[in-house]
Amino acid sequence: HAAQRPLWSNRLGFVLAAAGSAVGLGNVWKFPYIAGVNGGGAFVLVYLLCIALVGVPIMMAELMIGRHTRKDAIGAFAALEPGRRWWHGAGWISVAAAFIISSYYSVVAGWTLDYVWRSLHDGFGALAPSVIESQFGTLLENGLRQGLWHLLFMFLCLAVVIGGVQRGIERWSRILMPALLALLMLLFVNGLRSDGLEEALRFLFAPDFGRLSADAWLEALGHSFFTLSLGMAAMITYGSYLKPDENLFGVSLRVAGLDTLIALMAGIAIFPIVFAAGLEAASGPGLIFQTLPVVFSQIEGGALLAPLFFVLLAFAALTSNISLLEAQIAYLIDERGWSRRRASVCVAGAAFTVGIPTALSGNLLKNWHLIGERTFFDSADLLASSYLLPLAGLLIALYVGWFWRGEAEKAELIQGGCGGLYPLWHGLIRYVAPLAVTVILVNKAIQAGLWQVLRRLLGLA
Ligand code: PHE
Ligand code: NA
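Our subject in this report is the structure included herewith.

Parameters and conventions
- Residues numbered from 1 in each chain as written.
- Chains lettered and ligands numbered in written order.
- Predicted model: local features only at pLDDT ≥ 70, side-chain atom pairs only at ≥ 80, totals over all residues.
- Heavy atoms only, no water.
- Near = heavy atom within 4 Å.
- Polar contact = N/O pair within 3.5 Å; in protein donor to acceptor, adjacent residues only side chain to side chain.
- Areas by Shrake-Rupley, 256 points an atom, 1.4 Å probe, with all protein chains shown as cover.
- 1 Å grid on protein atoms, 1.4 Å probe; cavity = no way out; pocket = protein on both sides within 12 Å on 5 of 7 lines; lining within 4 Å.
- Sits in = over half its atoms within 2 Å of the grid points.
- Nonpolar A, V, L, I, M, F, W, Y, C, P; charged D, E, K, R; others polar.
- Helix = DSSP H or I, 4+ residues; strand = E, 2+ residues; numbered from the N terminus.
- Buried < 20%, exposed > 50% of the residue type's maximum accessible area, 1.4 Å probe, protein only.
- Contact = heavy atoms within 4.5 Å.
- Donors = N, O, S within 2.8 Å, 3.2 Å for Na, K, Ca; no water.
- Tetrahedral: all angles 85-135°; square planar, octahedral: opposite > 155°, others 65-115°.
- Points joined across faces, edges and corners; volume = space filled by probe spheres on them.
- Salt bridge = Lys/Arg side-chain N within 4 Å of Asp/Glu carboxyl O.
- Core = buried A, V, L, I, M, F, W, Y, C linked by side-chain atoms within 4.5 Å.
- Axes fitted to C-alpha atoms, helices over the stretch in contact; angles between N-to-C directions.
- Parallel < 35°, antiparallel > 145°, perpendicular 65-115°, else oblique.
- Left-handed = near helix turned anticlockwise from the far one by under 90°.

Turning next to the site of ligand 1. In the neighbourhood of ligand 1, 14 residues make up the surrounding shell, with A22, G26, Y105, F226 and M232 lying closest. A22 has a polar backbone atom sitting 2.8 Å from a nitrogen atom of ligand 1. The backbone of L25 places a nitrogen or oxygen atom 3.1 Å from an oxygen atom of ligand 1. Here ligand 1 loses 100% of its free accessible area of 320 Å² to cover by the protein chains. The cavity where ligand 1 resides is the largest cavity. In terms of residue class, the shell around ligand 1 is built from six nonpolar, eight polar and no charged.

This brings us to the side chain of N27. On the secondary structure map, N27 appears in helix α2 (residues 25-37). Overall, N27 belongs to the buried group, its relative accessible area being 1%. One polar contact links N27 to T227, side chain to side chain, over a distance of 3.5 Å. What N27 contacts, discounting residues up to four positions off in sequence, is A22, P32, T227, D259, I262, A263 and A266.

The protein atoms that coordinate the sodium ion (ligand 2) are A22 (O), N27 (OD1), T227 (O), T227 (OG1) and D259 (OD), at distances spanning 2.1 to 2.6 Å. Bound by six donor atoms, the sodium ion (ligand 2) shows angles of 79 to 167 degrees at the metal and therefore octahedral coordination geometry. Each donor residue of the sodium ion (ligand 2) lies on the same chain, and together they follow the pattern A-x4-N-x199-T-x31-D. With A22 in helix α1 (residues 11-22) and D259 in helix α12 (residues 248-276), this pair connects stretches of sequence that are 237 residues apart. The same class applies to A22 as to D259, namely buried.

Right, let's get into the layout of surface pockets. In this structure, the largest pocket encloses a volume near 1,300 Å³. Lining the largest pocket are 38 residues; nearest its centre among them are W29, K30, Y104, D381 and S385. Residue assignment for the lining of the largest pocket shows that the elements contributing at least two residues are α2, α5 (88-121), α6 (129-140), α10 (214-227), α15 (340-359), α16 (376-403) and α18 (422-447). Looking at which element gives the most residues to the lining of the largest pocket, the answer is α16, with eight residues. Looking at the lining of the largest pocket residue by residue, the classes come out as 21 nonpolar, 11 polar and six charged.

What follows concerns the pattern of salt bridges. Under the definition given, this model contains eight salt bridges. One salt bridge in this structure joins D114 and R118, with 2.7 Å as the shortest N-O distance. Taken together, the residues D114 and R118, both in helix α5 and four residues apart, mark about one turn of the helix. Look at R118 and you get buried, because its relative accessible area is 8%.

With that out of the way, let us pick up the nonpolar core. Counting residues in hydrophobic clusters, the biggest one holds 162 residues, and the most contacted among them are F14, F309, F310 and W425. At 18 residues, helix α14 (residues 302-336) tops the list of elements feeding residues into this core.

Looking now at the environment of A269. Note that A269 resides in helix α12. Overall, A269 belongs to the buried group, its relative accessible area being 5%. Along the backbone, A269 and M185 are 84 residues apart, and their C-alpha atoms lie at a distance of 8.4 Å. Not counting the four nearest positions on each side in its chain, A269 is found in contact with L184, L187, F188 and G191.

Moving on to the environment of G355. Within the secondary structure layout, G355 lies in helix α15. Exposure remark for G355: the relative accessible area of 0% places this residue in the buried category. Once the C-alpha coordinates of G355 and S102 are considered, the two residues, 253 residues apart in sequence, prove to be 8.1 Å apart. Leaving out residues up to four positions away in the same chain, G355 has contacts with S103, V107 and H150.

At a minimum axis separation of 8 Å, α5 and α15 run at an interaxial angle of 60 degrees. Judged by the inter-axis angle, α5 sits oblique to α15. Pair α5 / α15 crosses with right-handed handedness. Mapping the contact onto sequence places F99, S102, S103, Y104 and V107 in α5 and A350, A351, V354, G355, T358 and A359 in α15. Here the contact of α5 with α15 is composed, by residue class, of seven nonpolar, four polar and no charged.

Below you can see the structure in the form of structure tokens.
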């Protein structure tokens with residue numbers, strides 16, 4: 001079997017595919033927004049620290065697990081620890097997270113397609129700001145419309161993954177990632193020329209540590225996980241297609257570097273024009289889908305910039321979602337012996353089906369609460385990105401840092417060079433990463449009220 005297993009054709013192919021996974025809605029939408037809300041420059045520094053000290057070490061660990069076992073995330077843990085089934089849970093949690101996230105990520109990606117369509121078809125220029133802002137709410141209340149875009153987006157993802165590792169994922173990453181960079185470059189240069197540039201740079205980069213709360217640290221840590229696609233089996237799976245002599249330090253730094261660069265460039269593309277228009281920068285989920293279209297309706301060249309921006313977002317989302325699908329497909333191929341065609345169709349079909357209640361959670365299923373007062377959408381997001389991801393990350397860090405047989409592990413990582421960095425990485429994955437992720441999880445548990453439950457159980461309350 002090992003002989004027929006696919007591999008990336010070269011390092012660049014892998015880096016583009018892995019960066020395609022990492023660069024997504026998290027970079028273009030979420031990063032600029034949370035940076036603004038959490039104190040701007042100081043938060044950006046903390047975020048960079050989290051990427052370097054926690055994100056990159058865990059990415060190396062995931063790539064290492066994948067490359068060493070040459071298997072999907074579940075098969076990898078089964079191969080590493082055949083007798084200790086407890087560890088297989090780390091693989092199952094990651095693939096479950098990939099499944100849940102791929103279902104709703106596609107719905108959100110569908111919104112970007114809706115905005116590509118809108119900006120080309122109606123244009124934003126002829127509409128009043130209040131009309132533009134109301135369009136987002138109208139879309140959220142239109143389950144059928146969201147469902148159709150979700151279907152189209154999932155179909156595009158299926159068309160890519162069905163082509164396989166080299167001829168599907170790698171080929172499309174080689175096309176879409178440079179295209180995304182070129183589009184971002186246009187919007188970035190446009191931001192540099194804007195009157196709001198100075199205010200935007202101050203907003204994003206001048207550190208004001210007085211505004212940095214404890215929550216900001218947690219948010220930075222959590223986001224460093226999501227933005228690098230960690231804890232979702234994606235990097236284990238993509239690592240499993242790496243050639244054995246690839247330098248894991250080098251490729252991890254390239255992928256994390258690209259992800260960070262694109263997040264920062266997105267901030268400089270978005271905020272100057274938002275400030276120049278005198279609009280609110282910290283407007284949350286509406287920043288991309290409400291504030292920005294208003295900006296595009298008012299500025300010169302907006303009729304061109306708007307579709308470019310939403311195409312960029314759609315590309316970013318596409319290469320991310322295919323990595324989530326591939327993580328599940330690899331399991332069905334490696335462990336269940338399915339054909340790629342069958343696995344791709346079933347995974348995309350299942351993710352589409354589970355995404356339907358997400359698409360409907362703004363109207364038909366508005367009152368269908370799963371966890372607390374949350375809609376189906378919010379419950380899925382909470383479960384996957386707040387609990388499953390950090391949990392998988394913790395297990396992976398603990399496994400690689402403490403339980404994996406030392407020698408094989410070491411040989412694996414220093415293959416291809418940078419052996420001198422091994423002690424640094426080992427210290428980070430052994431102590432810093434598990435500790436940091438535990439803090440996130442404990443904090444989530446406290447927020448969710450688990451603490452009260454525990455106190456009551458222990459008779460302390
Ligand atoms: N990293 C992606 C982003 O920043 C999200 C993602 C997570 C994609 C996990 C694939 C796997 O948006
Ligand atoms: Na990202």
